[in-house]
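These are the residues of each chain, in order.
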Amino acid sequence: MWRGRYLVLFFLQGICIFSMEKTIKLEETVVVSKSGFDTPLVSENKNVIVLFKDEIDNGNHKNVEDVLRDAPNVIVQETYFGPRVDIRGNGEKSISKVKILSDGIALNSIDESMGTLPINTIPLNSIERIDITPGGNSVIYGSGSSGGVINIITKSSLKKDFLILETGIKSYDFRSGGISFGQNLNENLYGNFNYTYLNGNGYRDGDSQESNNFSGGLDYKIDEKNRVKVTMGYFKGDKDYSTGISKELLKENRKAAGFPIDSDSKRKTYSLDYEYKFSENLTFLTTLYYQSFKRDFKEISLMDYVVPKVGNMPFEIIGKDLDSSMYGSFKENSKGINLRGKYQYLNGELILGYDYNHTKLKRDSEIKASGEFFPVTMPYFKIKGEAEVNLKNDIFKESNGIYALNTYNLTDKLELVLGARYEHSSLGGKRTSETEVVTMGKNTYYREIDSDEKTDNYALEVGTDYKYSSSGTFYTRYERGFTSPLPGQITDKVGNHYEKNNLKSEISHNFEVGMRDYYEEIFMNLSVFSNFTSNEIVLIQKNSYNPAIKEWQYKNLNEVRKFGGELYLEEYFENLTLYQSFSYVNTKITKGIYEGEELPLVPSGKIVLGGSYNINEKLKFNANFNWVGSYMVKEYERDNTPIDSKVKSYNYTDLMLTYEVNEYFDLSFGINNLFNEKYNYEETRDIALPAPGRNYFITGKMSI
C-alpha cells in the first residue's frame with residue numbers, strides 16, 4: 001500500500017495548488033517588504049515566497065489558516081485559543097517572533113499565553129497575494145519579526161474592475177458563499193467590497209462554526225501628487241469545538257469530542273493611507289490605523305484541584321474530577337501610525353521611516369470547581385466544597401521606532417544594503433488574582449501587582465545583492481535583530497505573590513546566503529541560513545495543572561543556535577507545471593536550563609510537492625502532497641519534573657479537478673487527505689487534537 005502510494009505521488013509530483021499557471025517573471029513580480037513600498041522580487045536580498053490569488057482562493061481553503069498550512073516553509077501550530085504561525089524554528093515562541101501583517105499592519109497579540117492570531121478574520125476573497133519572508137526583518141518591522149514576516153496584501157488598491165461570486169459545500173455539512181467586487185467609479189476613484197459567509201459542522205462530534213466577514217474601501221487619487229485610501233473590515237464568528245482527548249480514546253474514535261468550548265469573536269479594523277509624491281524620485285506615505293479584537297469563551301470540564309495550606313489549615317485539600325467551568329474574556333485594542341519616505345537617487349534608494357503603536361489588552365477569566373474534596377493525609381474523608389479563581393490582566397505595550405534602509409549600486413550588477421533601527425518601548429499594567437475556597441470554612445487570598453518597564457533596542461542590517469544575469473540574483477545578508485518582552489512576561493508568580501523580574505530583550509544574529517533564478521522553464525529559489533540568539537526568554541512553570549497554586553518565572557536563560565536551508569523549484573512545460581519545496585531547520589539550546597536539547601514544537605522540516613496539468617482547454621487537474629517533520633514536546637509532571645516526548649512526522653495529499661463551464665464560470669471538485677492519514681493538529685504525550693480524515697468539497701466560482 002505504501003509503495004503504491006508513493007509511486008502515485010512521484011508520478012504526480014504532488015501536483016500542487018501552489019503551482020503557477022504563468023511563469024514567474026522576476027523583473028515583474030513585486031513584494032511589499034520594504035516598508036510598504038513595492039520592490040521587484042529580483043532586487044530582494046532575502047528569501048521571499050509569493051502566493052498569488054489563484055493559489056489562495058481556489059475552493060480548497062476556507063480561511064487563511066488553511067492557506068498557510070499548505071504554504072512552503074510555514075508551520076501552523078494549533079493551540080487552545082487558536083492558530084499560531086511559525087517560520088524557521090521558533091516553536092512555542094512564534095507569536096512573539098514571527099510578525100503577521102495585513103497590508104503592513106501587524107496582527108500579533110501582546111499576550112503570549114492566551115493570545116492568538118486573528119488571521120481567519122480576513123476574507124479569503126479580499127486577498128490579492130501573500131508575501132512570506134523567512135528570517136529576520138527587524139530593521140523595518142522592529143520587535144517581533146526576528147523569525148520572519150508574512151504580509152497579507154488585499155485587493156484594496158487593485159484598480160481593476162471585477163466581480164466574483166463563489167459558493168461551495170464541503171464534508172461535515174459545511175457551506176460557504178461570498179462576493180467580491182472592485183469598480184473604478186471614475187478615473188480617480190476606486191472602490192472594493194468583499195464578503196464571505198461560512199456555516200457548518202467540523203470533523204469532530206459537536207464541532208460547528210458560523211461567521212460573517214467583510215472588508216471594503218475607497219482609493220481616491222486627488223491629483224498627480226496626492227492619493228488617499230480608506231479601508232475597513234468587520235468579522236463576527238461563533239465557534240463550538242472541544243479540547244484534545246486521550247490518545248487511547250482517539251484510537252477507538254477519532255471524532256470523539258473532548259470537553260466542550262464555546263467561543264465568540266468580533267474584530268473591527270480601520271485604516272487611512274495618504275500618499276504624497278514630492279517628485280518622481282521622492283514619495284511619502286502615511287498610515288493611520290485602529291483595530292479591535294474581542295473574544296469570549298466558555299469551557300465546561302472536569303478537573304483536579306489542590307487547595308494549598310493557607311491560614312490555619314494544617315494540610316492541603318485535594319479534589320478529584322470536580323465539575324468545573326472556565327469563562328474568559330479577551331479584548332485587545334491597537335492603534336498606531338506608520339510614516340515612511342522613499343528617495344530614489346542616481347546610484348540607489350533610501351527609505352526613512354517612523355512607526356508608533358499602542359496596544360492595550362484586558363483579559364478576565366473565572367474558574368470554578370465544585371464537588372468532593374479530601375485532606376491529603378485522609379483520602380477517605382470526603383468534604384463537600386467549591387473553589388473559585390478570578391484572574392484579571394489590564395496590560396499595555398507602547399513602541400516608537402525610527403529606521404533607515406539604504407540600497408546603493410556599487411556597480412551595474414552589485415548592490416550594497418545597509419539598514420539600522422532604534423526602538424523604544426514602554427510596557428506593563430496591572431495583574432490581580434483572587435481565590436476563594438469553601439470547604440470546612442472559607443479561605444480567601446488576593447494578589448496584585450502594578451508594574452511597568454522600558455526597553456531600548458537597536459537593529460542592524462548589512463547585505464549584498466549581485467545580479468549575475470538578467471534573471472539571476474545571488475545575495476548575502478546579516479541582521480542583528482531583537483525581541484523585546486511582552487507585558488505579561490515582566491511579572492513572575494512565586495509562592496503566593498507576584499514580583500517583577502527585570503527581564504531583558506532577546507538579541508538575535510541572522511546570517512543568510514541565497515540565490516534565485518529563472519532558466520529555461522525552471523524557477524529556482526535557494527537559501528541557507530543560521531541564527532544565534534542570546535538572552536532567550538524562558539518560561540519556567542510549577543503546578544501548571546492547578547490555577548490556584550500555579551507559579552511561573554520568566555528568565556533570560558538560554559542561548560540558542562539554529563541552522564537550515566530552503567529550496568523552492570518550479571518547472572514549466574506546455575500543459576504541466578511542477579512544484580517542489582523543501583525546508584529544513586536544526587535547533588539546539590547551547591547554553592541555559594535545557595542545554596543540549598532542541599527547541600520544543602519545532603518540526604525538523606517540511607516538504608511540499610506538486611503540479612498542475614491542463615487535461616484540455618476546459619479541464620485542469622491539481623494536487624499537492626505535504627510532509628511535516630517530527631518535533632519534540634515538553635511537559636511537566638505534577639511534581640514539576642519535565643518530560644519530553646516525540647511527535648512523529650505526518651503527511652497528507654489533496655486533489656482537485658476544475659472544469660471551466662464557460663469563460664465566466666468554473667466548477668471545482670476535490671478530495672482532501674486522499675489517503676485518510678491519521679495525524680494531529682496538536683499533540684502531547686497523552687493528549688491529541690485530531691486533524692480531519694478524508695473529506696470532500698465542491699465549489700463554484702463566477703468571475704466577470
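Conventions we followed
Residues numbered from 1 in each chain as written. Predicted model: local features only at pLDDT ≥ 70, side-chain atom pairs only at ≥ 80, totals over all residues. Heavy atoms only, no water. Patch = residues over 30% accessible without salt bridge, like charges linked within 9 Å, V, L, I, M, F, W, Y side chains within 5 Å. Areas by Shrake-Rupley, 256 points an atom, 1.4 Å probe, with all protein chains shown as cover. Salt bridge = Lys/Arg side-chain N within 4 Å of Asp/Glu carboxyl O. Lys, Arg positive; Asp, Glu negative; His and termini not counted. Charge placed at Lys NZ, Arg CZ, Asp CG, Glu CD. Helix = DSSP H or I, 4+ residues; strand = E, 2+ residues; numbered from the N terminus. Buried < 20%, exposed > 50% of the residue type's maximum accessible area, 1.4 Å probe, protein only. Contact = heavy atoms within 4.5 Å. Pairing = 2+ DSSP bridges. Phe/Tyr/Trp six-rings, centres within 6.5 Å; stacked < 30°, edge-to-face > 60°. Lys NZ or Arg CZ within 6 Å of the ring centre and 35° of its normal.

Participant: Just checking my understanding: could you explain a positive patch on the surface for this structure?
Facilitator: Together, Lys 266, Lys 268, Lys 331 and Lys 362 line one region of the surface with positive charge. Inspection of the secondary structure puts Lys 362 in strand β19 (residues 348–375).

Participant: Sorry if this is basic, but what is going on with the side chain of Ser 215 here?
Facilitator: Tracing the sequence through the fold places Ser 215 in strand β13 (residues 208–221). You can call Ser 215 buried: its relative accessible area is 14%. Apart from the residues lying within four places of it in its own chain, the contact partners of Ser 215 are Pro 123, Ser 126, Asn 192, Phe 193, Asn 194, Met 232 and Gly 233.

Participant: I'm lost on a nonpolar patch on the surface in this one. Help?
Facilitator: Taken together, the side chains of Ile 169, Tyr 659, Val 661, Leu 667, Phe 669, Tyr 696 and Ile 698 present a nonpolar region at the surface, about 590 Å² in accessible area. Mapped by element, the contributors of at least two residues to the nonpolar patch are β35 (665–672) and β38 (695–703). The class of Ile 698 is partly exposed, set by a relative accessible area of 36%.

Participant: How should I be thinking about unusual backbone geometry in this particular structure?
Facilitator: A negative phi angle is the norm for most residues apart from glycine, just as the trans form is the norm for most peptide bonds. You will see that Asp 321, though not glycine, has its phi angle at about 50 degrees, which is positive. Assessed through its relative accessible area of 55%, Asp 321 is described here as exposed. A positive phi angle is found at Leu 601, which is not glycine, with a value near 60 degrees.

Participant: Explain the pairing of strand β32 (residues 631–636) here, please?
Facilitator: Every regular strand shows the same layout, with side chains that alternate between the two sheet faces. Bridge analysis of β32 against strand β33 (residues 642–647) gives six bridges, and the strand direction is antiparallel. Within β33, the residue paired with Val 633 across the bridge is Ser 645. Here β32 folds back onto β33 in antiparallel fashion, the turn holding five residues, of which Asn 640 has a positive phi close to 70 degrees.

Participant: Quick question: what am I supposed to make of the environment of Tyr 220 here?
Facilitator: Locating Tyr 220 in the fold gives a position in strand β13. Judged by relative accessible area, Tyr 220 falls into the partly exposed class, the value being 35%. Setting aside chain neighbours within four positions, we find Tyr 220 in contact with Asn 188, Leu 189, Asn 226, Arg 227 and Val 228.

Participant: Would you take a moment to explain the sheet that holds strand β15 (residues 245–246) for this structure?
Facilitator: The strands making up a sheet associate through backbone hydrogen bonding, with each pair oriented either parallel or antiparallel. Read from one edge of the open sheet, three strands run β15-β37-β36, paired in antiparallel fashion. Each end of this open sheet is capped by a strand with a single partner; those strands are β15 and β36 (680–683). By the bridge criterion, three bridges tie β36 to strand β37 (residues 687–690) in an arrangement that is antiparallel. Each bridged residue has a counterpart across the sheet, and for Glu 683 the counterpart in β37 is Ala 688.

Participant: So what exactly am I meant to see when it comes to the packing of aromatic side chains here?
Facilitator: In this description, a pair of aromatic rings is defined by centroid distance and the angle of the planes. One pass over the full model with this rule turns up 22 aromatic pairs. Between Tyr 276 and Phe 278 the ring centres are 4.5 Å apart and the planes differ by 90 degrees, which places this aromatic pair in the edge-to-face class. When the ring of Tyr 343 is compared with that of Tyr 345, the centres are 6.1 Å apart and the planes differ by 25 degrees; the resulting orientation is stacked. Here Tyr 343 falls in the partly exposed class, since its relative accessible area comes to 40%. Given the relative accessible area of 26%, Tyr 345 is considered partly exposed. Through a chain of ring-to-ring contacts, the aromatic side chains of Phe 181, Phe 193, Phe 214 and Tyr 234 assemble into a single cluster. Over the ring of Tyr 241 we find Lys 239; its NZ or CZ atom is 5.3 Å from the centre of that ring.

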